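# Structural overview
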Amino acid sequence: MKTPRGAAPEPGRPIDFVRNARLALGDPFLRAALRATMVRFRDRQAAVIAEVPEWQALRDYACAVKRHTLGRLDQYLEQLEAQVALRGGHVHWARDGAEAAGIIARLARGRRVVKSKSMTSEEIGLNEALASAGCEVTETDLGEYLLQLAGEAPSHLIAPIVHRSKEFIAALLSAAAGRPLPAEPERLTAVARELLRRRFLEAEVGITGANFLVAETGTVVLVENEGNIRLTTTIPRVHIALAGVEKVIPRLADLAVFLTLLPRAATGQRMSSYVSLLTGPRRSGERDGPEEFHLVLVDNGRTAVHGDETMREVLACIRCGACLDVCPVFERVGGHAYGSVYSGPIGAVLTPLLQGLTVAGDLPFASSLCGACGEVCPVKIDLPRLLLELRARVVRSRGAPLGERLFLRAWTWVMGSAVRLTLAGSLVRLARGLVGPRPRWLPAPLSRWIAFRDLPPAAPAAFRRGRRR
Ligand code: SF4
């Protein structure tokens, strides 16, 4: 897994969110790009969601389907496996990321691979395993392709290269194409398409993720805008789909609701440009599709999350990215600060659950708890509640910082007596009057407050005194 600007941390090393956030805050381009993109996404999302009067009812329905499925996960996974096998596909089960990467590397060994649409493959470090197995791998989603050329990790679920300028992208593609290219998005897109076309034609194996897996029919559902998934799944002789076990939904009929919610919540589109429903390998008489189809179902910590009834609902996530777009913390620091494939509010919940509190215990605190993420989530995951629960677990496991404990003890002491409270109020009013709104120095942690903000004015008199009058 890669962190800010693509450096790989040692496995199991704690994610230092504060350090990463500080780095991100020092990058003016990143902050401007994030703000512009998030505002654009939010405006588009609000406009297209307003067109659907039954939006809340659809959220309720999707939430109910996901909760129902998670309640019978083993049953639906068995049904899915049977249906894929019935249609000539192969299902592989992987306990963890290494096992899943090993299975795929064995299937693809030494061949040319095109890849598309898979956060899960980032999660399990698939590209590294494929490279060790002698495969030549090309990412084919435009953003992911550019990131591969740059050797960086995605910084947003839907807009993975939002942190880079068009000049940077022009330099990347100029090096790949072997000729200087202007920083014009249309020209650059055309050149990337040209470079990728050759890769598609040469590919022997196509690897994708899955937005949904339909248990009833054994269908892999993929939603996209660029058309590259169509090429990834039809040109190569072998198609391998990699998915977390939580991606299963019961029936094809449920898909209509998810296909209404996903593009609106994700990119503010009424519908995606392409939706592919892939059911098994090519059958006799069919003109396209792969000769071999493999579905790799990976656990990688999901069963433990499923067994945790308080946190289980996080597995309902459909990776739309809407919670990132409204998060004031994400908007300022971007995805790399979270040190994980999954960033923003969903990452702050999912990463600690999948990687443990020792590695990712900082992340649940990377939130203002404003509640916006829970409001927009199309499958109604109560992210603020889950963040609070994880914070409590972190404090239980490693204790609160000494400063916080001392502060809370002092606070309790002051609040325990009306005389002390009145005295403290008078002292605060006096101190605020003496130092003014922009004092030059204050002791920590107040010094951190005044580095970015003015001190708020103190109330002229205690509330209780007003009440008495
Ligand atoms: S938690 Fe909800 S809003 Fe966030 S990515 Fe998942 S489905 Fe989308």
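Structural notes, computed from the coordinates. The structure presented is a predicted model; accordingly, all values stated were derived computationally and were not measured. (Residues numbered from 1 in each chain as written. Predicted model: local features only at pLDDT ≥ 70, side-chain atom pairs only at ≥ 80, totals over all residues. Heavy atoms only, no water.)

This brings us to the environment of Leu-383. Residue placement: Leu-383 occurs in helix α19 (residues 383–398). Sequence-wise, Leu-383 and Leu-262 are 121 residues apart; in three dimensions their C-alpha atoms are separated by 18 Å. If sequence neighbours within four positions are ignored, Leu-383 has contacts with Cys-323, Pro-345, Ile-346, Val-349, Cys-373 and Gly-374. (Helix = DSSP H or I, 4+ residues; strand = E, 2+ residues; numbered from the N terminus. Contact = heavy atoms within 4.5 Å.)

A separate point is unusual backbone geometry. Here Asn-300, not a glycine, exhibits a phi torsion of approximately 45°, which is positive. Summarising the element assignment, Asn-300 is placed in the loop between β10 (292–298) and α13 (302–307). The phi torsion at Arg-319 lies on the positive side, around 55°, for a residue other than glycine. Relative to the elements of secondary structure, Arg-319 occurs in the loop between α13 and α14 (322–325). Residue Arg-319 is classed as buried on the basis of its relative accessible area, which comes to 13%. (Buried < 20%, exposed > 50% of the residue type's maximum accessible area, 1.4 Å probe, protein only.)

This brings us to the sheet that holds strand β4 (residues 205–208). On the basis of which strands lie adjacent, the open sheet formed by six strands has the order β1-β10-β7-β4-β2-β3 and parallel pairing. Two strands bound the open sheet, and with one partner strand each, they are β1 (90–94) and β3 (136–139). Sheet twist, expressed as the average angle between the axes of neighbouring strands with direction ignored, equals 20°. By the bridge criterion, four bridges tie strand β2 (residues 112–116) to β4 in an arrangement that is parallel. (Pairing = 2+ DSSP bridges. Axes fitted to C-alpha atoms, helices over the stretch in contact; angles between N-to-C directions.)

Another point: a nonpolar patch on the surface. Together, Phe-407, Leu-408, Trp-411, Met-415 and Leu-421 make up an exposed nonpolar region whose accessible area comes to about 510 Å². Per-element accounting of the nonpolar patch gives the leading share, four residues, to helix α20 (residues 402–415). (Patch = residues over 30% accessible without salt bridge, like charges linked within 9 Å, V, L, I, M, F, W, Y side chains within 5 Å. Areas by Shrake-Rupley, 256 points an atom, 1.4 Å probe, with all protein chains shown as cover. Salt bridge = Lys/Arg side-chain N within 4 Å of Asp/Glu carboxyl O.)

What follows concerns the nonpolar core. Counting 66 residues, the largest nonpolar core has Phe-17, Tyr-338 and Val-349 as the members making the most contacts within it. At seven residues, the largest contribution of residues to this core is made by helix α12 (residues 255–267). In this structure, Tyr-338 is in contact with Ile-15, Phe-17, Cys-327, Val-329, Phe-330, Val-333, Ser-343, Gly-344, Leu-363 and Ala-366, ignoring residues within four places of it in sequence. (Core = buried A, V, L, I, M, F, W, Y, C linked by side-chain atoms within 4.5 Å.)

Geometric descriptors of this kind do not, in isolation, establish any biological role.
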